[in-house]
Amino acid sequence: MSRSAHPAGPRHADVLPEGHYAAPAEDLNALDPKVWAHTVGRDADGVVTVGGITVTQLAEEYGTPAYVLDEADFRDRARAWRTAFGNDADVFYAGKAFLSRAVVRWLHEEGLNLDVCSGGELATALSAGMPAERIAFHGNNKSPEEIERAVRAGVGRIVLDSFQEIVRVAHIAQTLGKRQRVQIRITVGVEAHTHEFIATAHEDQKFGIPLAGGQAAEAVRRALQLDGLEVIGIHSHIGSQIFDMSGFEVAAHRVVGLLKDIRDEHGVELPEIDLGGGLGIAYTSDDDPREPHEIAKALTEIVTRECESARLRTPRISVEPGRAIVGPTAFTLYEVGTVKPLDGLRTYVSVDGGMSDNIRTALYDAEYSVALASRTSDAEPMLVRVVGKHCESGDIVVKDAFLPGDLAPGDLIAVPATGAYCRSMASNYNHVLRPPVVAVRDGAARVIVRRETEEDLLRLDVG
Ligand SMILES: *Cc1c(COP(=O)(O)O)cnc(C)c1O
């Protein structure tokens with residue numbers, strides 16, 4: 001399996017047979033609740049609505065392309081995670097999936113914590129009033145300036161990713177007269193994706209300190225000796241877009257094994273373990289993700305069982321879902337520009353965005369679905385590829401899908417499940433302007449991240 005993917009990148013296309021095309025859905029006008037945000041439906045005229053507003057109204061007011069985010073759904077999902085894990089565990093939303101100040105406020109209000117992995121994400125979190133003690137700082141190469149800011153702000157934990165960082169954070173904290181709470185990120189040799197996981201002794205990746213060869217134990221040993229650090233636990237993150245919990249089982253077994261070694265060697269029982277994020281969502285109707293309460297139950301049972309057999313007190317668990325909270329809550333609304341049938345192959349549908357607003361298809365071969373949103377149609381299904389407006393033949397948004405055969409320029413189409421890793425990975429390729437994020441709730445819409453303008457582009461270009 002290739003190791004080239006971003007840690008957030010599902011490659012669930014990997015497990016589909018070559019040349020796989022799902023058959024067209026029985027009713028192309030139907031909106032599968034699995035892949036659409038909770039409040040999405042069609043009105044009496046067949047126009048897609050979300051939060052009580054039609055996509056035609058949204059397109060008129062805010063233009064296209066636009067990410068449309070269902071705030072009620074976001075809050076529902078955040079709350080479901082919080083409730084599922086109860087008071088004995090902590091849920092950290094992974095800000096890299098999508099972060100804005102409105103999102104930070106929602107998380108704060110719903111009682112979640114927040115993972116950040118750069119100075120920019122930290123600044124966003126703090127500026128929107130997230131209490132520092134509820135922020136975790138991640139990353140494999142935090143700069144000394146970032147570390148200093150995080151320590152000064154008083155973040156609840158810094159997740160240490162290397163031997164050098166152990167010393168660096170300890171030194172900075174001590175210089176500032178502080179004792180920083182830290183977790184040590186280890187790699188347990190488990191790489192999980194969707195329906196399978198690979199468990200080996202070694203892991204060939206940039207994140208974390210390997211459990212293999214006693215390195216993780218040595219890292220803990222060193223960290224425990226440093227006055228600037230309070231070691232609160234061990235962190236493990238095993239993959240992305242995961243549906244099968246057995247990878248977590250192997251990971252938890254190995255993490256608990258390390259906790260036991262630490263107890264035996266140092267007489268210290270570390271009070272926390274973090275099992276990371278990576279829980280999958282439905283991008284198409286073929287995907288069957290688990291509910292937060294099932295995930296919470298499975299993870300809690302795994303850790304409890306492992307600790308009982310190691311005769312350890314069960315540590316406090318934390319998890320870091322990003323995609324599973326924000327992914328399903330948004331769709332991207334595009335206007336169709338051209339429809340180009342290629343005889344015997346497929347029809348290329350060009351939209352007014354593309355790889356600049358959704359790089360995941362090009363980067364990870366990700367699967368998406370798509371629906372005609374501004375109307376319904378009884379026309380026969382046609383096999384389409386939804387492509388963008390960029391100068392790149394890999395500029396694909398939806399690789400294979402069916403849309404009604406009468407699709408025409410000016411129609412609005414919507415691609416669901418684009419809440420995670422789309423706006424946050426958006427680019428200015430071809431100087432295309434990044435779309436706004438419009439949040440809708442109870443019949444009201446508001447822009448939470450505005451559309452980029454040509455002035456924005458030119459402001460950075462100082463001549
Ligand atoms: C990316 C990442 C997450 C979130 O992953 P999702 O697939 O969005 O749930 C959580 N923790 C860490 C350490 C990550 O790198």
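Residues numbered from 1 in each chain as written. Predicted model: local features only at pLDDT ≥ 70, side-chain atom pairs only at ≥ 80, totals over all residues. Heavy atoms only, no water.

*Asks:* What am I meant to see in the overall build of the protein here?
*Replies:* Within the protein one finds 12 helices and 24 strands. Relative to a compact globule of 463 residues, whose C-alpha radius of gyration would be 23 Å, the protein shows 23 Å and is just as compact. By principal-axis analysis of the C-alpha atoms, the protein measures approximately 70 × 50 × 40 Å. Across the 463 residues that make up the protein, the buried fraction comes to 56%. (Helix = DSSP H or I, 4+ residues; strand = E, 2+ residues; numbered from the N terminus. Rg over C-alpha atoms; globule rule 2.2 N^0.38 Å. Buried < 20%, exposed > 50% of the residue type's maximum accessible area, 1.4 Å probe, protein only.)

*Asks:* Explain the nonpolar core here, please?
*Replies:* A general trend in soluble globular proteins is that nonpolar side chains are found buried together. Within the largest apolar cluster, 110 residues are counted, with the highest numbers of intra-cluster contacts made by Phe 74, Tyr 93, Ile 184, Ile 234 and Ile 413. Here this core takes 8 residues from helix H8 (residues 246-266), the largest share from any one element. For this core, the two domains that each supply at least three residues are domain 1 (41-70 + 328-459) and domain 2 (138-321). (Core = buried A, V, L, I, M, F, W, Y, C linked by side-chain atoms within 4.5 Å. Domains from an automatic or database assignment.)

*Asks:* I would appreciate a short explanation of the packing of helix H2 (residues 71-85) against helix H9 (residues 292-309) in the present structure.
*Replies:* To characterise two packed helices, one gives the angle between the axes of the helices and the distance between these axes. Running from N to C, H2 and H9 point in directions that differ by 30°, and their axes come no closer than 8 Å. The angle between H2 and H9 falls in the class roughly parallel. With respect to the hand of their crossing, H2 and H9 are arranged in right-handed fashion. Here Ala 80, Trp 81, Ala 84 and Phe 85 of H2 come into contact with H9, specifically with Pro 292, His 293, Ile 295, Ala 296 and Leu 299. Partitioned by chemical class, the residues of the contact of H2 with H9 number 8 nonpolar, 1 polar and no charged. (Axes fitted to C-alpha atoms, helices over the stretch in contact; angles between N-to-C directions. Parallel < 35°, antiparallel > 145°, perpendicular 65-115°, else oblique. Left-handed = near helix turned anticlockwise from the far one by under 90°. Contact = heavy atoms within 4.5 Å. Nonpolar A, V, L, I, M, F, W, Y, C, P; charged D, E, K, R; others polar.)

*Asks:* What exactly am I supposed to notice about unusual backbone geometry here?
*Replies:* The bulk of non-glycine residues show a negative phi, and the bulk of peptide bonds are trans. Geometrically, the link from Thr 64 to Pro 65 is a cis peptide bond, its omega value of -10° lying close to zero. Structurally, Pro 65 is set in the loop between helix H1 (55-62) and strand E4 (66-70). For Gln 241, which is not a glycine, the phi torsion comes out positive at approximately 50°. Checked against the element boundaries, Gln 241 lands in strand E14 (residues 239-242). One non-glycine residue with positive phi stands out, namely His 431, at about 55°.

*Asks:* In this structure, what is going on with the domain arrangement of the protein? I would like to understand it.
*Replies:* In many reports, interface size means the accessible area that the parts give up when they come together. Domain parsing of the protein yields domain 1 (41-70 + 328-459) and domain 2 (138-321). Using only C-alpha atoms to locate each centre, domain 1 and domain 2 end up separated by 36 Å. Counting residues at the interface gives 6 residues for domain 1 and 4 residues for domain 2. Of the roughly 480 Å² buried between domain 1 and domain 2, counting both surfaces, carbon and sulfur atoms make up 61%. Between domain 1 and domain 2 we count 2 residue pairs in polar contact (both at pLDDT 80 or more) in total. Across the side of domain 1 that touches domain 2, the residue classes break down as 3 nonpolar, 1 polar and 2 charged. (Buried area = accessible area lost by both parts, 1.4 Å probe. Polar contact = N/O pair within 3.5 Å; in protein donor to acceptor, adjacent residues only side chain to side chain.)

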